[in-house]
Amino acid sequence: MAGQLTQRPQAADEVKDFRVSGSIDQISINTIRTLSMDAVQKANSGHPGTPMALAPIAYCLWQRFLRYDPADPIWPNRDRFVLSNGHASMLLYSLLYLAGVKSVSADGRILDEPAVSLDEIKRFRQIDSKTPGHPESHLTSGVETTTGPLGQGVGNSVGMAIAERWLASYFNKPGYPLIDNKVYAICGDGDMMEGVSGESASVAGHLKLSNLCWIYDNNHITIEGKTDLAFSEDVATRFRGYGWNVAHVTDANDLDMFMGALDVFFSTNDRPTLIIVDSHIAFGAPNKQDTKEAHGEALGEEEVRLAKRNYGWPEDAHFLVPDGVRENFANGIGRRGKELRLDWEAKFDHYKKDYPALADQFHQMQRRGLPAGWDKDLPTFPADAKGLATRDSSAKVLNALAKNIPWLIGGAADLAPSTKTRLTFDGAGDFEAGHYEGRNFHFGIREHAMCSILNGMVLSKIRAYGATFLIFSDYARPPMRLASLMEIPVIYVFTHDSIGLGEDGPTHEPIEQLIGLRSVPGFIMLRPADANEVTEAWKLIMQMTNHPAALALTRQAIPTFDRSKYASAAGVAKGAYVLADARPAGADPELILMGTGSEVQLCLAAYEQLSAEGRRVRVVSMPSWEIFEQQAAEYRESVLPSRVTTRISVEAGSTIGWSRYVGPAGKSIGMTTFGASAPAKDVFKKFGFTPENVIAVAKDLLATTKR
Ligand SMILES: Cc1ncc(C[n+]2csc(CCOP(=O)(O)OP(=O)(O)O)c2C)c(N)n1
Ligand SMILES: [Mg+2]
């Protein structure tokens, strides 16, 4: 279709008869370019150059190939499109708008409104718009993942490709290819430079994820200037080394060449594909093309006009969407996507009849639900003074849960024997190239990629967990933070959670990690105090649908409390609870000892002795600050009554933050330095984590308070 196209009037101030000529493909591409330029110009902020350069590639992919129905952007078998260079967000917003992608409500209903309207494009980067500076998946339907921190999108895409493989292995049946989608990620020089892309690409190559295609915008420009300032490696050779297919498109405007490269992707079944696309940032802008200025600044009114002139576009038109462009998308991606989706739904109806139980599970997964009986046979642990490490009780609980929940899958960054996260029951198997049904993942020593991959898996509705030592959560913080921003329930199992790991010493001993993770908005940190709290913590985590959660677990054995003597571990569900109260029953406490994890036993030991000496002491186990904060004020007051100001916290981590609970009159026993390398009991002693010290601090504080 070619010819003269006119714009329908959008608003009173835009009633002009703009004429645009060329093929409808070219007009559509230039619409993406000019919408992006105009939005950035209007906001006077943003990144115009890359959408201008990549418009042909993205258009071609969406219009001709993407198996995606704009009318149902959560169709489970849709191809995934990830914009890893999230600063080019206007590229994605333009596509979402032009393709007519629908909005989806928080509870998963398709709404009769666009994910991104033209008005929202005009409100690019403004408060409460659907078009924030970088794409945010929890805000804007059709945005598959939140990108902007470079390297994350490509990392997530590996998780999405893994999810596709696992789901296909689990759900597909002869005659029912329920899941066979592909995953595309567009990325830039920044993504390529970030280590996480290398880690993730290494995983993807190892796993032979042939459903995965990265499209690398090789424009030789980043913020500081030409990439040769800092980047001279041979990316193609590097990726071949990872076990990828590499195709090269020497001109981003040559769609035949690009389609040839996609053919290579489609016809390869034993490795992922990298398509390197040579492009010119701000293509068509006479003074800004190929410059660093085009990366992150508005072009300027005059340059916008000149670029439009180059495109054969009316120079005075703003946010021009010529007649026929949206229809063109509707006839391309829209029609193809709808047919594919309807065909899939018809097949799924039959599948439901042939495999009702599986179909049921499929639905549950999509809603982030749990199968009936998900919490059956969870272990309870008898009182035991010697007890066991919480990593060991966690292993038992995780295995029981995973037996009941088929899509609870995950692994460790080469530390499964230490984190005790291996699923050991019959049939659990290993997820490996060609064995995509396995449930034990081997992420290798790649914590950053592991957590970025977990995000992709969870976005594809798998309940995925990843494990390492708490100290190495530092290596994975960016995707953990994004999991929280995206409101997705990723699970992290972090063991060796304190100086209690002992001999490995201060390089391995977490100090600031607990408070660091607690400070991530929406992130749930749980540090259970004994085996039964571990069971309760896992139960709580499994029921989360929109918060990531991490368990901090001990390496060393800790007692299993006698719950006939102390309160039930069910209190974990409230984040903090009274574990032992002042004697005699009903007495008003004069001192509150509070702690988490392995230090709660110290609080209890001190409690026993102080109580025997006639002190009225309460012990509060506080596995999760965040969950406690979600409770009603009355409950919080009942646990930590404001009249009781003599309070001590005991936690083998940074003391920062505890003042919130101990108050100005309280004291915190914790860490203010790095730890030490020695047997755990000696390290604990050195830093004051003994019942004797807790008692001494308590007596001192009680005496001071009295005075
Ligand atoms: C992890 C991370 N570090 C730094 C940045 C800041 N930043 C945004 S874009 C960019 C340059 C990206 O260059 P490139 O990927 O080549 O994008 P292009 O300008 O070619 O679109 C940088 C450093 C970021 N977004 N994420
Ligand atoms: Mg670049």
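To be clear, the structure that these remarks concern was listed above.
Counting restarts for each chain: residues are numbered from 1 in the order of the written sequence. Lettering for chains starts from A, numbering for ligands starts from 1, and both go in the order in which the items are written. pLDDT decides what is reported in this predicted model: residues at 70 or higher carry local features, side-chain atom pairs at 80 or more are listed and counted, and totals for whole chains, interfaces and linings draw on all residues regardless. In computing side-chain values, all of the structure's heavy atoms are included and hydrogens and water are not.

### With respect to empty space enclosed by the protein
Turning to step 1, where the next piece is worked out: Cavities and pockets were defined on a 1 Å grid built over protein atoms only: a cavity is a set of grid points that admits a 1.4 Å probe from which the probe cannot escape, a pocket is an open set flanked by protein on both sides within 12 Å along at least five of seven lines, and lining residues are those with an atom within 4 Å of any such point. Grid points are joined across faces, edges and corners, and a volume is the space filled by probe spheres set on the points. Tallied over the full model, the rule gives 3 cavities of 30 Å³ or more.
Turning to step 2, where the next piece is worked out: Size it by volume and the largest cavity reaches roughly 60 Å³.
Turning to step 3, where the next piece is worked out: Residues are grouped as follows: Ala, Val, Leu, Ile, Met, Phe, Trp, Tyr, Cys and Pro are nonpolar; Asp, Glu, Lys and Arg are charged; all remaining types, including Gly, are polar. A breakdown of the residues in the lining of the largest cavity according to their chemical character gives 6 nonpolar, 2 polar and 1 charged.

### Things to note about the coordination of the magnesium ion (ligand 2)
Turning to step 1, where the next piece is worked out: Looking at the magnesium ion (ligand 2), one finds its protein donor set to be Asp189 (OD), Asn219 (OD1) and Ile221 (O), positioned 2.1 Å from the metal centre.
Turning to step 2, where the next piece is worked out: Note that water is not among the atoms used; donors are N, O and S atoms within 2.8 Å of the metal (3.2 Å for Na, K and Ca), so sites may look incomplete. The sequence pattern describing where the donors of the magnesium ion (ligand 2) fall on their chain is D-x29-N-x1-I. Comparing asparagine 219 with isoleucine 221 shows no difference in burial state: the two are buried. Classification of residues uses two cut-offs on accessible area relative to the type maximum, computed with a 1.4 Å probe and protein chains only: under 20% is buried, over 50% is exposed, and between them is partly exposed.

### With respect to the environment of arginine 80
Turning to step 1, where the next piece is worked out: Note on conventions: DSSP H or I runs of at least 4 residues are helices, E runs of at least 2 residues are strands, and numbering of each starts at the N terminus. Checked against the element boundaries, arginine 80 lands in strand E3 (residues 80-83).
Turning to step 2, where the next piece is worked out: For the pair arginine 80 and lysine 539, spaced 459 residues apart in the sequence, the C-alpha separation amounts to 31 Å.
Turning to step 3, where the next piece is worked out: Beyond its immediate stretch of four places on either side in the chain, arginine 80 contacts Glu144, Met160, Asn181, Lys182, Val183, Tyr184 and Ser460. Residues count as neighbours in contact if any of their non-hydrogen atoms are within 4.5 Å of one another.

### With respect to the environment of asparagine 532
Turning to step 1, where the next piece is worked out: Checked against the element boundaries, asparagine 532 lands in helix H19 (residues 531-542).
Turning to step 2, where the next piece is worked out: In this structure, the C-alpha to C-alpha distance between asparagine 532 and threonine 560, residues 28 residues apart in sequence, is 7.3 Å.
Turning to step 3, where the next piece is worked out: When near neighbours in sequence (up to four residues on either side) are disregarded, asparagine 532 contacts Thr380, Phe381, Thr560, Arg563 and Ala569.
Turning to step 4, where the next piece is worked out: Think of a polar contact as two N or O atoms within 3.5 Å of one another; within protein, one of them needs to be a possible hydrogen donor and the other a possible acceptor, and neighboring residues in sequence only count if both atoms come from side chains. Of the polar contacts made by the side chain of asparagine 532, one reaches the backbone nitrogen of phenylalanine 381; its length is 2.8 Å.

### Some details on the site of ligand 1
Turning to step 1, where the next piece is worked out: With respect to spatial proximity, 15 residues lie near ligand 1, and among them Thr50, His87, Gly190, Asn219 and His295 are the closest.
Turning to step 2, where the next piece is worked out: Side-chain polar atom of aspartate 189 to an oxygen atom of ligand 1: 3.0 Å apart, as the coordinates give it.
Turning to step 3, where the next piece is worked out: Interatomic distance of 2.8 Å between a backbone N/O atom of isoleucine 221 and an oxygen atom of ligand 1.
Turning to step 4, where the next piece is worked out: With the chains in place, 74% of the 580 Å² that ligand 1 exposes on its own is no longer accessible.
Turning to step 5, where the next piece is worked out: Any molecule with more than half of its atoms within 2 Å of a cavity's or pocket's grid points is regarded as sitting in that cavity or pocket. Judged by the fraction of its atoms near the pocket grid, ligand 1 is located in the second largest pocket.
Turning to step 6, where the next piece is worked out: A breakdown of the residues in the shell around ligand 1 according to their chemical character gives 5 nonpolar, 8 polar and 2 charged. Here, proximity means that at least one heavy atom of the residue falls within 4 Å of the molecule or strand. Reported accessibility uses the Shrake-Rupley method at a 1.4 Å probe radius. Residues are deemed covered only where the shown protein chains occlude them.

### Things to note about the packing of aromatic side chains
Note on aromatic pairs: each is described by the distance of the centres and the angle between the planes.
Turning to step 1, where the next piece is worked out: To pair, rings of Phe, Tyr and Trp, with the six-membered ring standing in for Trp, must have centres within 6.5 Å; the planes then decide the type, stacked if under 30 degrees apart, edge-to-face if over 60, and tilted in the middle. Per the stated rule, a full pass over the model turns up 35 aromatic pairs.
Turning to step 2, where the next piece is worked out: Seen from their ring centres, phenylalanine 441 and phenylalanine 443 are 5.8 Å apart, and the 20 degrees between their planes marks the pair as stacked. Phenylalanine 443 shares its class with phenylalanine 441; the two are buried.
Turning to step 3, where the next piece is worked out: Measuring from centroid to centroid gives 5.8 Å for tyrosine 492 and phenylalanine 494, while their planes differ by 15 degrees, and the two rings are stacked.
Turning to step 4, where the next piece is worked out: The class of tyrosine 492 is buried, set by a relative accessible area of 0%.
Turning to step 5, where the next piece is worked out: Of the residues examined, phenylalanine 494 reaches a relative accessible area of 0% and is grouped as buried.
Turning to step 6, where the next piece is worked out: Grouped by ring-pair contacts, the aromatic residues Trp75, Trp166, Tyr170, Phe171, Tyr176, Trp344, Phe348, Tyr351, Tyr355 and Phe362 constitute a single cluster.
Turning to step 7, where the next piece is worked out: Here the guanidinium or amino end of arginine 518 rests over the ring plane of tryptophan 625, the centre of that ring lying 4.2 Å away. Should the NZ of a Lys or the CZ of an Arg lie within 6 Å of a ring centre and within 35 degrees of the ring normal, that charge is described as sitting over the ring.

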